[in-house]
Amino acid sequence: MYTPVAADVAKLRNITGAGMMDCKKALVEAEGDFDKAIENLRKKGQKVAANRADRDSHEGAVIAKVNQDNTMGAIIALNCETDFVAKNDNFVELAHELAEQAVFYANKEEFFASDFHGMTVADKLIEQTGLIGEKIEIGSFERIEGPFLGAYIHAGNKIAAITSLSGDVDGAAEVAKAVSMQVAAMNPIALDETMVSQETIDKELEIEKELLVKEGKPANIIDNILKGKMQKFYKDNTLIHQAFIKDGNMSVADYVKSVNGDLKVVGFVRVSLT
């Protein structure tokens, strides 16, 4: 029977990322044929993936990345089943690598089909499912482009955000990171009031109007009260109007202007495991 040498096992491990014992077994089964051994590892992953397809992968690592010139960015959630796996250094490193690659693809489908160390991203996820023994998948994929982007990953890799600013000016990197922290912490529903969906507005108006009627407010003043209620809603829930978390005496928009009078926030994306 073929017995693989340590150098061959290490080589296969470097190619696939599989564990040492899995690589040794795959080489034995393939009688030293590397291509066949890789195929064996992938088949194992497919089998495990099929068996765990209905599992809940609610844990994982959320990672944000931007390219070198800060004009393209992406956030992915690499999901798994347990917090134990989510905190594993190799798992987190894989999430970082995948996020770096995601920056350059317009959507999840193109990203899944892209080459990742000799296999597609989709095949890599199947392979990792087989090796780790848990369902591994990309739970979220968000991409953004803009004049200047900055990212923030919250401690523990559970939330990440990317903010787009109107230009690359002195202090832009600090501003983009600070506003991304705001997005991560406060979870705004939109950039400003013009970006809030009509469905959300109608729902909020319906709720507030019903409360005012129950309170016995006269019908002739309800509309004016609702205007004030909606202003508060926009202040609490839209990014540029929110109180800045590092200085509650100013809004996010005021903070950005304090760094550069012409600078504005023009977009953001956020991903959270919860």
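Residues numbered from 1 in each chain as written. Predicted model: local features only at pLDDT ≥ 70, side-chain atom pairs only at ≥ 80, totals over all residues. Heavy atoms only, no water.

- Looking at an unreviewed UniProt entry, the protein carries the name Elongation factor Ts, with the source organism given as Kaistella chaponensis.
- Checking UniProt for the protein, the heading Function (unreviewed entry) contains the comment "Associates with the EF-Tu.GDP complex and induces the exchange of GDP to GTP. It remains bound to the aminoacyl-tRNA.EF-Tu.GTP complex up to the GTP hydrolysis stage on the ribosome." (UniProt positions renumbered as here; feature names shortened; annotations may be inferred.)

### Here's the deal with the pattern of salt bridges
Then step 1. Applying the stated criterion across every chain, the model contains nine salt bridges.
Then step 2. For aspartate 83, the salt bridge identified is with lysine 158, shortest N-O distance 3.2 Å. With a gap of 75 residues between them, aspartate 83 in helix α4 (residues 83–86) and lysine 158 in the loop between β6 (148–153) and β7 (159–165) connect regions that are remote in the sequence.
Then step 3. Judged by relative accessible area, lysine 158 falls into the partly exposed class, the value being 26%.
Then step 4. Lysine 232 is the partner of aspartate 236 in a salt bridge, and the nearest nitrogen-oxygen pair spans 2.8 Å. Of this pair, aspartate 236 and lysine 232 are both found in helix α10 (residues 219–237), four residues apart, which corresponds to roughly one turn of the helix.
Then step 5. Under the relative-accessibility criterion, aspartate 236 is labelled partly exposed at 37%. (Salt bridge = Lys/Arg side-chain N within 4 Å of Asp/Glu carboxyl O. Helix = DSSP H or I, 4+ residues; strand = E, 2+ residues; numbered from the N terminus. Buried < 20%, exposed > 50% of the residue type's maximum accessible area, 1.4 Å probe, protein only.)

### Overview of the nonpolar core
Then step 1. Ranked by size, the top nonpolar core spans 23 residues in total, and within it Ile76, Leu78, Phe91, Leu98, Phe111, Leu125 and Ile138 carry the most contacts.
Then step 2. Secondary-structure elements contributing two or more residues to this core are β1 (59–66), β2 (72–80), α4, α5 (89–102), α7 (121–132) and β5 (137–145).
Then step 3. The greatest single-element share of this core, amounting to six residues, is contributed by α5.
Then step 4. Residue contacts for leucine 98: discarding those within four places in its chain leaves Ile76, Leu78, Phe111, Phe116, Val121, Leu125 and Ile138.
Then step 5. Within the second largest apolar cluster, 22 residues are counted, among which are Phe148, Ala178, Ile240 and Val256. (Core = buried A, V, L, I, M, F, W, Y, C linked by side-chain atoms within 4.5 Å. Contact = heavy atoms within 4.5 Å.)

### Overview of the UniProt feature "domain: Translation elongation factor EFTs/EF1B dimerisation" (unreviewed entry) in the protein
Then step 1. Feature annotation in UniProt assigns "domain: Translation elongation factor EFTs/EF1B dimerisation" (unreviewed entry) to the following positions: residues 73–273.
Then step 2. The distance separating the terminal C-alpha atoms of residues 73–273 is 19 Å; by composition the span is 47% helix and 24% strand.

### Examining the sheet that holds β5
Then step 1. Pairing is antiparallel in the open sheet, where three strands are placed in the order β1-β2-β5. At either end of the open sheet lies a strand with only one pairing partner, and these are β1 and β5. Across the sheet, the mean angle separating the axes of adjacent strands is 10 degrees when strand polarity is ignored.
Then step 2. With eight bridges joining them, β2 and β5 adopt antiparallel strand pairing. Its bridge partner being in β5, alanine 74 is matched across the sheet by arginine 143.
Then step 3. Against the sheet, α5 engages β1, β2 and β5, with an angle of about 145 degrees to β2. (Pairing = 2+ DSSP bridges. Axes fitted to C-alpha atoms, helices over the stretch in contact; angles between N-to-C directions.)

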